[in-house]
Amino acid sequence: MVTHTPDRQDVSPPRAPRPMRGTPQWAALESHMPALRERTLRELFAAEPDRAATMRISAGELYIDYAKQRVDATGLTLLSAIADAAGIIERREAMFRGERINTTEDRAVLHTALRLPRSASLIVEGADVVAEVHEVLDRMGRFTDRVRAGEHRGATGERLTTVVNIGIGGSDLGPAMASEALRHYSDAGISARFVSNVDPADLTAVLATLDPARTLFIIASKTFSTLETLSNAEVARRWLVDGLGGDESAVARHFVAVSTNAGRVAEFGIDTANMFGFWDWVGGRYSVGSAIGLSLMLRIGRQRFGEFLHGMRLIDEHFRDAPLDRNAPVVLGMLGVLNSELLGAQSRVVLPYSNDLARFPAYLQQLTMESNGKSVRLDGSAVDGSTGEIYWGEPGTNGQHAFYQLLHQGTRLVPADFIGFAEPTDDLLTADGSSMHDLLMANFLAQSQVLALGRTAEEIAAEGTEPGLVPHKVMPGNRPSTTILAPRLTPSVLGQLIALYEHQVLVQGTVWGINPFDQWGVELGKTQAKELLPLITGPGASAPGSDVDGSTAALIDRYRSWRGR
Ligand code: F6P
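In this text the structure is predicted, and so the values were computed from the model without any measurement.

A closer look at the UniProt feature "active site" (unreviewed entry) in the protein chain
Next up, step 1: Within the UniProt annotation, "active site" (unreviewed entry) is assigned to E370, H401 and K526. The named residues occupy 157 residues along the chain; their greatest pairwise C-alpha distance, 37.1 Å, places them well apart from one another.
Next up, step 2: Tracing the backbone through its elements, the reader meets H401 in the loop between β13 (391–393) and α16 (404–409).
Next up, step 3: Assessed through its relative accessible area of 71%, H401 is described here as exposed.
Next up, step 4: Note that K526 resides in helix α21 (residues 523–537).

Okay, here's the thing in C-alpha cells:
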C-alpha cells in the first residue's frame, strides 16, 4: 500500500505564505531586471547557445519549451528562489496532506486525492479519503457500464444515447471542455450536451434536438443551490415528464445528480440513490476528476476516465518530486509572475493548435482567474503588486486571422502558451498530398518563432520593401511564449495539461500570498440579482422604498417598458 504522508519532503509546520515583495529574493530579481529588459530574445539566443537544451522540461508526456521566455539562467534561479522563499514546498505538502489551507472557508484542498490510485491511502482527519474516492468512482463506473451496455434504459425501454449535463462554472466547464477534447474516445454511441446559462436560449436550443425517451440528465452542482442550474433542471424535468406522457416516475430513470449536498438533492426530487457525491475539499474549478466528470466517463468509459486521472497524477508526482528549478508548474507559474509583474504583460493568451481543445482557454479562465483574482492576502492585508493573470485564447490557426496582429505588432505585451500535438486526432490530405496536420503544426512553430525573433527594419529593407512601408512591416519580436508539445491528445495527456495549470495556480497564489481556493467575489452579484428580480417583475425600481441607484433604476424602467410592464 502506498501511503501518502508528508514524509516525502522535510517540511516544517505549514504557515501562511510570506508576501514576496520587499524580500531579499524579490530584490535580487528586481536588480537583475535591467539585464532581462535590455537583452532581446535574439540576443539571449545568441549569447546562450545551449538555451534550447536547458530551458525545457519533460513532465509526464509533456515536452515544455520555455526558451522563448524573456529570462536567462540567472533569472530562472532567482525565480525559483522566490518560490522557495514564499514557502511553496510547505504549501504544496500541506495541500497534498489534506490540511485546511483554504482558511477562509476552513477547508482542505484535495483535488489531488481524486487521482490517487486505489492502492494508496491518505488519512485526513481520521478518514481514508482514497477509499471514499474509489467508492464513488466504482459507483460511477458501474452506472456508466450499465448505461453504455444498454442495461440502464429510459422509462420507455429505449437506450439512453444523449447525456445532458446541467451545471455551471466548475460543474460545466471541465466536463464540457474534456468531452469535446476527447471526442475521439467516445465509443459507445453516447453524445454529451452541456447546458449552463440561465438564458433560456441555452436549454431551448439543446432540448429542441433531443428525444426525451433517450435522454439522461445529469444535474451537476456542488452546492445544489445554484440558481442557473436549478432553474434549468426544473424546466428539463418538466420537459421530460411532459414528453413522456406525464409519467412522473420516469424522472428516476432519466435524472441523476452530482453534488456534495444530499439534502438539497432530495429536496429537489432526485432520489439520493441516483446521486454521485464528492466532498467540500474539492473546489468547483478543480472538480473535473470527481463525480462532476460523470458525463465524460459515460462518453469515454471508465477505463479511459481512469487514464485521464492517471495523467493528472503524473503531473502531481512531478510537482511533488522535481526540484523547484526543474519543476514545470513552478517554472511556468513563476514565469507568469515575471511577465505580469515585472515585464508589464497585460494578460496570458493560450493558443491550442487543436480544434478539440477549443474550450480549454475558457476552462482555464475559471481555473486561474476565479482562483487568483484576489486583492487581499490570506491575513486580510492588501496585496501590494498585481495578482491573477488574465487568461484568454482561441484555437490556432483561427486566432492568427483575428487577434495575432496585436500579439505581433501591438503596444501590449501578451505572453503566449502554445499547445500542440505530434499525432493528429484527425488528418486529411490536401490536393498535393500534404498532411493538413503538418500544415497546422508548421503554423504552430512559425508563430512562436516570429513572436520571439521578429524581423528588423534592415531585414525588411533588404527584401526590397518600399522604404515608406518598412516601419509598418517591422516585427518587433521579443514577445515571450512557452511551447507545450505532446505526442497526442489522449485522456492521459489532457489530464496532464489540466494538472499542469492547476499547480501553477497554487505556485502563483503562494507567491502572491493569497488564497486561490475561495471565491467570495462572486457572491454579491448573486444576492443582488435575487433582490432585483422582484423589482423587475413587480413594482419597478421607482416604487417607494426602492434604494436602487439611478442608473440601475432607469435601466429597470426601460427594461420593464420594453417588456410591456
Ligand atoms: O459562482 C461561482 C461558483 O461558485 C463556482 O465557483 C462554481 O464552480 C459554480 O459557481 C457552480 O457552483 P455549483 O457547482 O455549486 O453549482
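As for the site of the ligand
Next up, step 1: Within the structure, the ligand sits among 14 residues, and S171, S221, K222, T223 and T226 are positioned closest to it.
Next up, step 2: At 2.6 Å, a side-chain N or O of T223 approaches an oxygen atom of the ligand.
Next up, step 3: Between K526 and the ligand, the recorded distance is 3.0 Å, taken from a side-chain N or O atom to an oxygen atom.
Next up, step 4: Across the complex, the protein chains shield 88% of the 390 Å² of accessible surface that the ligand would expose by itself.
Next up, step 5: Its residues placed into classes, the shell around the ligand shows two nonpolar, nine polar and three charged.

Some thoughts on the side chain of K68
Next up, step 1: Positionally, K68 belongs in the loop between β3 (62–65) and α4 (73–86).
Next up, step 2: No salt bridge is formed by the buried K68, whose closest oppositely charged neighbour, D65, lies at an N-O distance of 4.9 Å.
Next up, step 3: Excluding residues that lie within four positions of it along the chain, K68 makes contacts with L41, F45, S448, Q449, A452, R479, P480 and S481.

Remarks on the pattern of salt bridges
Next up, step 1: Counting across every chain of the model gives 29 salt bridges.
Next up, step 2: A salt bridge links R51 to E48, with the nearest nitrogen and oxygen atoms 2.6 Å apart. For the pair R51 and E48, one class covers both residues: buried.
Next up, step 3: Linked through salt bridges whose partners overlap, the residues forming this network are R92, E93 and R320.

Notes on a nonpolar patch on the surface
Next up, step 1: Where nonpolar side chains cluster on the molecular surface, the patch consists of L428, M436 and L439 and spans about 300 Å² of accessible area.
Next up, step 2: Among the structural elements, L439 can be located in helix α17 (residues 436–453).

Here's the deal with α17
Residues three or four positions apart in an α-helix share a direction because the helix packs 3.6 residues into each turn.
Next up, step 1: For α17, with 18 residues, the first-to-last C-alpha span of 26 Å sits near the 26 Å given by 1.5 Å per residue.
Next up, step 2: Three or more residues of α17 are buried, namely H437, M441, F444, Q447, S448, L451 and A452. Taken end-on, α17 shows its buried residues confined to a sector of 125°, consistent with a single buried face.
Next up, step 3: Buried residues in α17 make contact with α2 (41–47), α16, β14 (416–421) and β15 (481–486).

Some details on the packing of aromatic side chains
Next up, step 1: The tally for this structure, following the rule as stated, stands at 16 aromatic pairs.
Next up, step 2: Look at F305 and F308: their rings are 5.7 Å apart centre to centre, the planes differ by 50°, and that puts the pair in the tilted class. In this pair, F305 and F308 both sit in helix α13 (residues 302–321), three residues apart, roughly one turn of the helix. Note on accessibility: F305 and F308 belong to one class, buried.
Next up, step 3: Ring centres of F360 and Y363 lie 6.2 Å apart, and the angle between their planes is 20°; this geometry places the pair in the stacked category. Of this pair, F360 and Y363 are both found in helix α15 (residues 360–372), three residues apart, which corresponds to roughly one turn of the helix.

Notes on the packing of helix α1 (residues 24–38) against α4
Next up, step 1: Following both chains from N to C, one finds α1 and α4 inclined at 160°, their axes separated by 9 Å at the closest point. The angle between α1 and α4 falls in the class roughly antiparallel. Classified by chirality, the crossing of α4 by α1 is left-handed. Facing α1, whose interface residues are Q25, W26, A28, L29 and H32, α4 presents T74, G75, L78, L79, A81, I82 and A85.
Next up, step 2: By residue class, the composition of the contact of α1 with α4 is eight nonpolar, four polar and no charged.

Looking at the confidence of the model for the protein chain
Next up, step 1: On average, residues of the protein chain score 95 in pLDDT, and 97% of them are at 70 or above.
Next up, step 2: Every residue in residues 1–14 scores below 50 in pLDDT, and together they form 31 contacts with partners more than four places removed in sequence or on other chains.
Next up, step 3: Scored by ipTM, the complex comes to 0.98, with pTM at 0.96.

Focus: the nonpolar core
Next up, step 1: Core analysis: the largest hydrophobic core is formed by 117 residues, its most contacted members being W281, L338, F360, L494 and Y501.
Next up, step 2: In contact with L338, not counting residues within four places along its chain, are L29, M33, L36, R70, V71, L79 and L343.
Next up, step 3: Within the second largest apolar cluster, 25 residues are counted, among which are A213, F217, V251 and A257.

What to know about the sheet that holds strand β12 (residues 348–352)
Next up, step 1: Taken together, six strands build an open sheet; the order of strands is β2-β3-β15-β14-β12-β13 and the sheet is mixed. On the outer flanks of this sheet lie β2 (56–59) and β13, each paired with one strand and no other. Across the sheet, the mean angle from the axis of one strand to that of its neighbour is 20°, orientation sign disregarded.
Next up, step 2: Two elements, β12 and β13, share three bridges in a ladder whose sense is parallel. Looking across to β13, one finds that R348 is bridged to Y391.
Next up, step 3: Across the sheet, helix α14 (residues 328–342) is in contact with β2, β3, β12 and β15; its angle to β2 comes to roughly 135°.
Next up, step 4: Contacting β14 and β15, α17 crosses the sheet at an angle of about 155° to β14.

Definitions and limits used
Residues numbered from 1 in each chain as written. Predicted model: local features only at pLDDT ≥ 70, side-chain atom pairs only at ≥ 80, totals over all residues. Heavy atoms only, no water. UniProt positions renumbered as here; feature names shortened; annotations may be inferred. Helix = DSSP H or I, 4+ residues; strand = E, 2+ residues; numbered from the N terminus. Buried < 20%, exposed > 50% of the residue type's maximum accessible area, 1.4 Å probe, protein only. Near = heavy atom within 4 Å. Polar contact = N/O pair within 3.5 Å; in protein donor to acceptor, adjacent residues only side chain to side chain. Areas by Shrake-Rupley, 256 points an atom, 1.4 Å probe, with all protein chains shown as cover. Nonpolar A, V, L, I, M, F, W, Y, C, P; charged D, E, K, R; others polar. Lys, Arg positive; Asp, Glu negative; His and termini not counted. Salt bridge = Lys/Arg side-chain N within 4 Å of Asp/Glu carboxyl O. Contact = heavy atoms within 4.5 Å. Patch = residues over 30% accessible without salt bridge, like charges linked within 9 Å, V, L, I, M, F, W, Y side chains within 5 Å. Expected span 1.5 Å × (residues − 1). Arc of directions from axis to C-beta. Phe/Tyr/Trp six-rings, centres within 6.5 Å; stacked < 30°, edge-to-face > 60°. Axes fitted to C-alpha atoms, helices over the stretch in contact; angles between N-to-C directions. Parallel < 35°, antiparallel > 145°, perpendicular 65-115°, else oblique. Left-handed = near helix turned anticlockwise from the far one by under 90°. pLDDT = per-residue confidence, 0-100. Core = buried A, V, L, I, M, F, W, Y, C linked by side-chain atoms within 4.5 Å. Pairing = 2+ DSSP bridges.

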